[in-house]
Each structure stands twice: as C-alpha cells, then as structure tokens.
Amino acid sequence: MAEKIATRDAYGKALVELGEEWPEVVVLDADLAKSTKTILFKKRFPERFFDFGVAEQNMFGVAAGLAAAGKIPFCSTFAVFAAGRAFDQIRQSIAYPRLNVKIGASHAGITVGEDGASHQAIEDLALMRALPGMTVFVPADAVETYGAVRAALEIDGPVYIRLGRAPVPVIHGPDFVFRPGEAVCLREGKDATIIATGIMVAQALEAAQALAAEGIEVRVLDMHTLKPLDAAAVVRAALETGAVVTAEEHNIIGGLGSAVAEVLGEECPVPLKRVGIRDVFGESGKPEELLKKYGLTPAHLVEAVKEVISRKKSLFHR
Amino acid sequence: MNREELIEQLKAKAKEIRRHIIRMTAAAGSGHPGGSLSATDIVTALYFAVLRLNPGNPNDPDRDRFILSKGHAAPLLYAALAERGFFPLAELLTLRKLGSRLQGHPDMRKLPGVEMSTGSLGQGLSVGVGMALAARLDGRDYRVYVLLGDGECQEGQVWEAAMAAAHYRLDNLIAFLDYNGLQIDGPVAEVMNLEPLAEKWRAFGWHVQEIDGHNFAEILDAVARAQEVKGKPNMIIARTVKGKGVSFMENQVDWHGVAPKPEQVEIALAELE
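Criteria and thresholds
Residues numbered from 1 in each chain as written. Chains lettered and ligands numbered in written order. Predicted model: local features only at pLDDT ≥ 70, side-chain atom pairs only at ≥ 80, totals over all residues. Heavy atoms only, no water. UniProt positions renumbered as here; feature names shortened; annotations may be inferred. Helix = DSSP H or I, 4+ residues; strand = E, 2+ residues; numbered from the N terminus. Pairing = 2+ DSSP bridges. Axes fitted to C-alpha atoms, helices over the stretch in contact; angles between N-to-C directions. Domains from an automatic or database assignment. Contact = heavy atoms within 4.5 Å. Buried area = accessible area lost by both parts, 1.4 Å probe. Salt bridge = Lys/Arg side-chain N within 4 Å of Asp/Glu carboxyl O. Core = buried A, V, L, I, M, F, W, Y, C linked by side-chain atoms within 4.5 Å. Buried < 20%, exposed > 50% of the residue type's maximum accessible area, 1.4 Å probe, protein only.

Trainee: Just checking my understanding: could you explain the UniProt feature "domain: Transketolase-like pyrimidine-binding" (unreviewed entry) in chain A for this structure?
Mentor: The UniProt feature table records "domain: Transketolase-like pyrimidine-binding" (unreviewed entry) at residues 5–170 of chain A. Here residues 5–170 of chain A is 44% helix and 19% strand, with 7 Å between the C-alpha atoms at its ends.

Trainee: Whenever I open this one, the sheet that holds strand E5 (residues 102–106) of chain A confuses me. Can you help?
Mentor: Whether parallel or antiparallel, the strands of a sheet pair through hydrogen bonds between backbone atoms. Residue and element names in this part refer to chain A. As summarised here, the arrangement of the 7 strands in space is E3-E2-E4-E5-E7-E6-E12, forming an open sheet in which the pairing is mixed. With partners counted over all chains shown, the strands left at the sheet margins are strand E3 (49–51) and strand E12 (225–227), one partner each. Across the sheet, the mean angle separating the axes of adjacent strands is 20 degrees when strand polarity is ignored. With 2 bridges connecting them, strand E6 (residues 135–137) and E12 associate as antiparallel partners. Within E12, the position partnered with Val-136 by the bridge is Lys-227.

Trainee: Looking at this model, I keep getting lost on the domain arrangement of chain A. Mind explaining?
Mentor: Often, the extent of an interface is quoted as the loss of accessible area upon association of its parts. Residues and elements named next belong to chain A. When cut into domains, chain A gives domain 1 (4–169) and domain 2 (184–316). Taking the mean C-alpha position of each, domain 1 and domain 2 sit 26 Å from one another. Listed as interface residues are 30 residues of domain 1 and, on the opposing side, 33 residues of domain 2. For the pairing of domain 1 and domain 2, the buried interface totals around 2400 Å² over both sides, and the portion due to carbon and sulfur atoms is 59%. Our count for the contact surface shared by domain 1 and domain 2 stands at 1 salt bridge. For the salt bridge of Glu-262 with Arg-129, the shortest nitrogen-to-oxygen distance reads 2.9 Å.

Trainee: Where do I start with the nonpolar core in this structure?
Mentor: A general feature of soluble globular proteins is that nonpolar side chains tend to end up buried together. Core analysis: the largest hydrophobic core is formed by 150 residues, its most contacted members being Trp-201 and Trp-206 of chain B. Counting contributing residues per domain, this core is built from domain 1 (4–169) and domain 2 (184–316) of chain A, each supplying no fewer than three. Apart from residues no more than four positions distant in its own chain, Trp-206 of chain B is found in contact with Leu-125, Ala-162, Ala-165, Ala-166, Leu-173, Ala-175, Trp-201, Lys-232, Pro-233, Asn-234 and Met-235 of chain B. Core analysis: the next-biggest nonpolar cluster, separate from the first, contains 32 residues, Val-168, Ile-199, Val-275 and Ala-304 of chain A among them.

This is the structure:
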C-alpha cells in the first residue's frame, strides 16, 4: 500500500517551501489554521500570516486588497466557507477584478466525515467553475498538491485549489511535473476511460486494476485541473475508447461530470456515466462509510465502466 | 496658496464635479445622482487637497489609495478622476454606454485611477484593510482612504472589517461614512437603524470624528487629525444631504437611482452655476 498523505498536509508544507522562494506570498486564515495546515506557514513566517477569526467574507476582501497592492495571498478555510460563505466576495472582489488571490479550500467533499452535511462541500466546484477567469485545481495526492501550489503562484489571477481532509495514497513519483490544464494519463486502455479528479483518482486506479483482472482494459485520466479543462484529452479518450466514466467527490451537477458532459455533448457524444454524489446532501459517518453509501468506491466505478461498455456495444450492434 | 484660497478652489471644483454628475447621469439615462452629490465635497477634498497621486503614473507604488466602497456613486469618482487628469473629461458622457470604460459601477481593469472594482456593497472596507496591511508589510507610507455609504453599513462584512482594522491597529486607514440618512427603501433610521453609529465604531476600536460633510474646513481638519492618530484606524462620520446642491433632489429618496430629464438638467445646472 502506498504512503498516505492528506492533500491539506501537503498544502501546508508547500506553502512553507514556496514561501521561501516567493517573498510576496502571504497566508490568510479564518480560525482554522490548525485544520487547513496554514499553521506551518504561520510558524515559519509569522509576519506574513494573518488570522481574521471567524469572518470569511472579510478575509477574502482583505485578500483582494493585498493582491491589489502586489501581494500573493493564499486564503485558506474549509471549502464550504470559501465557496459558500464568501462566494460573493470571491465573485465581486477577486474574480471580477481578476486579482491574484489563491484560495486553498480544504475539507472538501463528504470525506470530511463525522462533521456531517454542513461541512461537506459538494457544490464548490460548480460555483468556482462558473466564475470567469477562475482556475480550478483538484489535486489527487500530495505530489500534485505541491505542483498545484507552485502552478498557482505562476498564474497571474485567481486560483481555487480544492483539498481534502482524509489521507490519500501518493500516486505520483518525485519526478512528476504538474502541468496546469493537462490531464495525466495514468493507465492506458482501449475499452473505456475513467476520468477522475481529486481523491477519486486513486479509486479509479483500483477499479482499473480490478477490471484488468476481468480482461477489461480501462484508460485512467487524472483531471487535476477542472478549469481550464483538458477538452482535447476528453475527446481523445472518447474517440479512442468509446465510453467514459467520470469520478468525483462532488455533486454530479456542475463538477467534473458536467464539465466532461459539456465537451462530449458538443464534440463527440459517447456513452457516459457520471459517478459522484447524486444531488443529495451527505451525513455524518466515517469517510470510508460515506464513500460506500454515496457510491464512490472502486466497486461502483467497476459497475459504471461495465455499464458504459455495454451501452457502447449496443450502439455498435444497432 | 493659503487655506481660504484652497477652500474657495475646492468649492469651485465641487460645483464643477456636481455639474458633471448631472450631465453624466442624464446622458446615461440612469445612474445614482443622489448619493454621488451627497459625497461630492468629501471626494473633492480628497482628490484635490489630500491624496498623494500621480495621474501620469497611476500605478505608482507609493500613491495613496482611495476605494469607493459605495460603488454606485461611480459618477462622482469618474468626475473627480477626470478633473484630476486621469482621462479626458469628454469621456465622462460615455457613462454606462456599451464599450465605455465608465461602467455602471467602477471597474479597476478598465479605467486608470480606479483602485478597486466595487458595487456589491459592504466589501470596500475589507479591501482597504488589505491595502493598509500591504503598505505596512512593504514599509511604505501611503494611506488608504475608503468611502462607505450609510445603508452599506448594514452589511455584516463592514463590521468584520471594522474588527480586523482595529485588531491590526491600521492607523494608515482612514474611512469616511457618507451619512445622508437615506437608502433605497426610505430613511435609514426606518429601514434599518444604525444608531448609535459613532458609538458603534468607537466600540470596535476606531478613532471616530463626526463632521459636516459639506464643510471643507471640517473635512480637511478631520483628515489632518486622522493622519496624526497612532495605533487605531480612523472613521470620519460625515453628515451629508442626499442630492446636495440641486434643490429638487435634496433629501429626496427617489433621487437615489434616477437620472434627471433634460428640463431637470437645465434647472440643476443653473443652480450649480
């Protein structure tokens, strides 16, 4: 079993490391520094860390002011509060004026676990994706998180980085290069493609392995950048494998599944199944229990792949 | 120039800016004259006697910043910027027209001199806190001025920002509150009362002054005092008259967001001779 690291932990470490290199970086938090792991940055650069207390709207407004004056603020809080509580501030004061603010949104998705639906962001990707000019990263592991933070620093404009609370396997080796907007093909296959994002990438790899044992070869695309979406990779996958499954820890409405469906619908319609949260709120429970209940395990992906393959075959035999 | 001459100049400039506001909103057929006219004297004083600015280099890192948090008073900001030389006066009449740099609410990416895109009320003071923090981090001595509306102070974010500014002891932050007492739905006191307003800001840890927002001597004195304050952010609550300077607009809530018609423009401009 691969080593497991939560992407939030990797985020905190990346901030410290890149903070050395980028003196303009400042980090803001709203009374969650221990949970979002920005506390690591606070310890290393206390003069460049600002806590705003339980006041997310103000925090994002302050970030806009800092960015307008030449700083590169990383604003961190839970995804529900960033994309939810402060959506208006992100829209009006950050995205509309295209300010250089980075949003580190941790505890995304249902794997927050026991805190329940109030703390499980399942709509944040839909909201952030709809904002003009917003770049959206959903790292799958610790290595990608580092790459996403570095890429965010190199982008002049707002970036949303979606992070998780629970430890996830490290998928990439140390030589991995994070290229924004470029899907990573982790496994080749001709029968179908699973396009996955965030914690679902590891699940997709497990599913692909299980399918291979049954003689079904599945391509696995790691879509770490939800926006701009790698539409070319989606079309290629559709043309070359003829069936697509998307996998995300998000509502199937508005996230990766929707983004992929938009591309396929316009460019290259093939059988598609969206694996994700099916338009319901979550509940309290252990992360693994929740993934099972809401249909986000490798077994669910295996089932979905078989379904799209059978739809593909029935198309050919019509 | 002595102080009396300066004040006479400011009065003349304010009249000119008020005339622009009337002409601009009339040409656009929409916009917000009431709250632009109420804050005209404050903004005129800032742009022509207070702010350290260089219209030839609008991004000078040492410039003072002004944020129009009540973004609907955009005609006032545009008129002041044009009079200050940031762009041609003739452009003022393009307000709110397709392709114009003069958007219905200020857009920092379109027009030089606009420091922040505003219009969704309650957000400007937080931005001011960010800029004031940046000045401190960079060891620069510029100041950040923010103009808030009274109705705007009903937004919770304003008080979040108030807390943060005091917490971080931002004495390089000077906010004005344009207290004209009227908002879209009626008198502020009836829609959602803010009083006791000065006490609220003091309780949040601010240095507070209350002045007549149409008296240049009081405006200039208040700014001078605010600039001397150490360790606290500054609030200058300016009592103003909505629609100030145009008799039929004064204290009329209906002039919040309605443009004057041609015959009304004639009367208004005559009063502003």
